[in-house]
Amino acid sequence: MLKAVILIGGPQKGTRFRPLSLDTPKPLFPIAGKPLIQHHIEACVKLPECREILIIGSYTTTHMAQFVSDMQKEYHVIIRYLQEFTPLGTGGGLYHFRDQIRAGNPSAFFLLNGDVCADFPLKQLWYFHQERSNALVTIMGTEATREQSVHYGCLVLEEPSKSVTHYVEKPNSYVSTLINCGVYVCSLNVFHIMADAFQRKQDGFYSGNGQGTPHPGYMSWEQDVLAPLAGTKKMYAMQVTNWWSQVKTAGSAIYANRHYLMLSNKQDEDAKKDICHVFSEVFIHPSASVDPTAVIGPNVSIGAGVTIKAGVRIKESIILNNATIHEHSLVMYSVVGQEASVGEWSRVEGTPSDPDPNKPFAKMDNTPLFNTDGRLNPSVSILGAGVVVPAETILLNSIVLPHKHLTRSFKHEIIL
Ligand code: GTP
């Protein structure tokens, strides 16, 4: 029997995802018509040995209850949410709930960062882990560019065994182009190593050497567990070439939307062509009302209860539940929040932030909101929940906070 653990952080995390995370916790933000971590759950349930999925975070149970209950009904595995009493870091929550993970004596458990998206090769990862009998942790690794690698956990491997000889989380200078994808298989014995790491953290905290550690139970999986495991021949990495990315900013959500649509689009293409003119790939929720003269796609997800009026053009965008896009308006490279409204003949447009197609292995640059001059970096446009864009206005590379009623056009601005 196998289990899976998904780390989702809490309301303090995901700040680069605002204002989209103001109404919906980032792990539940819909990508290709499904909450972000439902894609993780789908990857786990494909393995018949996986019997339980534990979601660990510090969101309140009220935030997560409906989602967990929906997932429990949809998939025939046990799915539970375990709430940390305070953010305990990527390792602290895992260690705190170790008895729940160990219960039933699973052979191993998958550990998945909730903010990554990928074509998760969990079966191969599990086989790879099993082939190395002394492995406590197997990391899914992927190639990045030399410049971008330093923003991730970097791995150095011994060949041909693939054991990790060196691990540095976000190094100051170049270490390796092989990076940690935040997807792992762990044997239960990893908790013995974590017990030592936990003890060291406790000793440091109470002797005053905690170096700003927010809580004695706080532990970083990457720095306190993975880094010391390197060179012990108990940690291995499986390098993959499958699609992998992270969801940090709204721009990365549009990018992830495209890939998940390509991977999981099960909706009947012909049925969608009956609704309106579509360019693949597109997700249209069955309850959305779309005028037959609208032209949608590629890379568009339309949520429940959305109304798309005549002559509308939408591409490379996510339209959240109950939004209305009025006649002849255009939406591209944008996220339109729940119950927002775009007036007729208006234009809401952002700038794509895809990885550089000319650089092999390039990942998304999760550029900060502002550049060094204090100006807004060009990015996707975001309309927060309930925003009203009047008729005949242009919104270019702008972010509008929830419930704002605009009265004119804006370019490169945050409208508070
Ligand atoms: P950043 O670039 O700072 O975002 O770092 P990162 O990409 O390495 O991500 P980070 O280590 O912050 O988080 C990795 C995963 O763990 C994400 O899915 C987070 O939501 C999750 N996570 C982070 N901190 C916590 C925590 O305190 N508790 C739990 N349960 N999950 C966490």
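Fair warning: this is a prediction, and the values are worked out from it, not measured in the lab. (Residues numbered from 1 in each chain as written. Predicted model: local features only at pLDDT ≥ 70, side-chain atom pairs only at ≥ 80, totals over all residues. Heavy atoms only, no water.)

### Digging into the overall build of the protein
Across its full length, the protein holds eleven helices and 32 strands. Principal-axis analysis of the C-alpha atoms gives the protein an extent of 65 × 50 × 45 Å. When each of the 416 residues of the protein is scored for burial, the buried share is 56%. Contacts in the protein between residues at least 24 apart in sequence constitute 57% of all its contacts with a sequence separation of at least 6. For the protein, the accessible surface area stands at approximately 17,900 Å², while carbon and sulfur atoms represent 51% of it. (Helix = DSSP H or I, 4+ residues; strand = E, 2+ residues; numbered from the N terminus. Buried < 20%, exposed > 50% of the residue type's maximum accessible area, 1.4 Å probe, protein only. Contact = heavy atoms within 4.5 Å. Areas by Shrake-Rupley, 256 points an atom, 1.4 Å probe, with all protein chains shown as cover.)

### Quick word on empty space enclosed by the protein
Following the criterion strictly, the structure yields two cavities of 30 Å³ or more and no others. Size it by volume and the largest cavity reaches roughly 50 Å³. Lining the largest cavity are Pro 19, Leu 20, Asp 23, Thr 24, Leu 320, Gly 337, Gln 338, Leu 383, Gly 384 and Ala 385. Per-class residue counts for the lining of the largest cavity are five nonpolar, four polar and one charged. Approximately 30 Å³ is the volume found for the second largest cavity. Tyr 152, Trp 244, Ser 245, Gln 246, Lys 363, Met 364 and Asn 366 together form the lining of the second largest cavity. (1 Å grid on protein atoms, 1.4 Å probe; cavity = no way out; pocket = protein on both sides within 12 Å on 5 of 7 lines; lining within 4 Å. Points joined across faces, edges and corners; volume = space filled by probe spheres on them. Nonpolar A, V, L, I, M, F, W, Y, C, P; charged D, E, K, R; others polar.)

### Focus: the sheet that holds strand E18 (residues 300-302)
Strands belonging to one sheet form pairs held by backbone hydrogen bonds; the direction of such a pair is parallel or antiparallel. Read across the sheet, seven strands follow the order E15-E18-E21-E24-E27-E30-E32 without closing on themselves; strand pairing throughout is parallel. If you trace the sheet from one side to the other, it starts and ends with strand E15 (282-284) and strand E32 (414-415), each paired once. Across the sheet, helix H10 (residues 250-264) touches E15, E18, strand E21 (317-319), strand E24 (334-336) and strand E27 (381-383), and the angle it forms with E21 is around 90°. (Pairing = 2+ DSSP bridges. Axes fitted to C-alpha atoms, helices over the stretch in contact; angles between N-to-C directions.)

### Points about the site of the ligand
Contacts to the ligand come from 19 residues, most closely from Gly 9, Lys 13, Glu 84, Gly 89 and Lys 248. Between an oxygen atom of the ligand and a main-chain N or O atom of Leu 7, the distance comes to 3.1 Å. At 3.2 Å, a side-chain N or O of Gln 246 approaches an oxygen atom of the ligand. Compared with its free state, where it exposes 630 Å², the ligand has 82% of that area covered by protein. Applying the majority rule of atoms within 2 Å of the grid points places the ligand in the largest pocket. A per-class count over the shell around the ligand returns five nonpolar, seven polar and seven charged. (Near = heavy atom within 4 Å. Polar contact = N/O pair within 3.5 Å; in protein donor to acceptor, adjacent residues only side chain to side chain. Sits in = over half its atoms within 2 Å of the grid points.)

### Concerning the layout of surface pockets
Taken as a whole, the largest pocket spans an internal volume of roughly 1,100 Å³. Along the wall of the largest pocket there are 45 residues; nearest its centre are Lys 13, Thr 90, Asp 115, Lys 170 and Lys 248. Breaking the lining of the largest pocket down by element, the ones donating at least two residues are strand E1 (2-9), strand E4 (50-57), helix H4 (89-96), strand E10 (163-169), strand E11 (178-186), helix H9 (221-229) and strand E13 (244-246). It is E11 that contributes the most residues to the lining of the largest pocket, four residues altogether. When its volume is computed, the second largest pocket comes out at roughly 570 Å³. Along its surface, the second largest pocket is lined by 27 residues, and Leu 28, Pro 30, Gly 33, Pro 35 and Asn 321 are the ones closest to its centre. Put simply, the parts of the chain that give the lining of the second largest pocket at least two residues each are strand E2 (30-31), strand E3 (34-35), helix H3 (61-74), E18 and E21. Ranked by the residues each element gives to the lining of the second largest pocket, the list is headed by H3, at six residues. Across the lining of the second largest pocket, the residue classes break down as 14 nonpolar, ten polar and three charged.

### Topic: the sheet that holds strand E14 (residues 277-278)
The seven strands are arranged E14-E17-E20-E23-E26-E29-E31 in an open sheet whose pairing can be described as parallel. The strands lining the two open edges of the sheet, one partner per strand, are E14 and strand E31 (410-411). Sheet topology note: the E14/strand E17 (residues 295-296) ladder contains two bridges and is parallel. Of the residues in E17, the one forming a bridge with Val 278 is Ile 296.

### Points about the pattern of salt bridges
For side chains of opposite charge, pairing can occur when their charged atoms come near one another. Counted according to the given criterion, the structure contains 13 salt bridges. The salt bridge partner of Lys 201 is Asp 224, with a shortest N-O separation of 3.3 Å. With Lys 201 in helix H8 (residues 190-206) and Asp 224 in helix H9, this pair connects stretches of sequence that are 23 residues apart. Taking relative accessible area as the criterion, Lys 201 reaches 22% and is therefore assigned partly exposed. By relative accessible area, Asp 224 is classed as buried at 16%. (Salt bridge = Lys/Arg side-chain N within 4 Å of Asp/Glu carboxyl O.)

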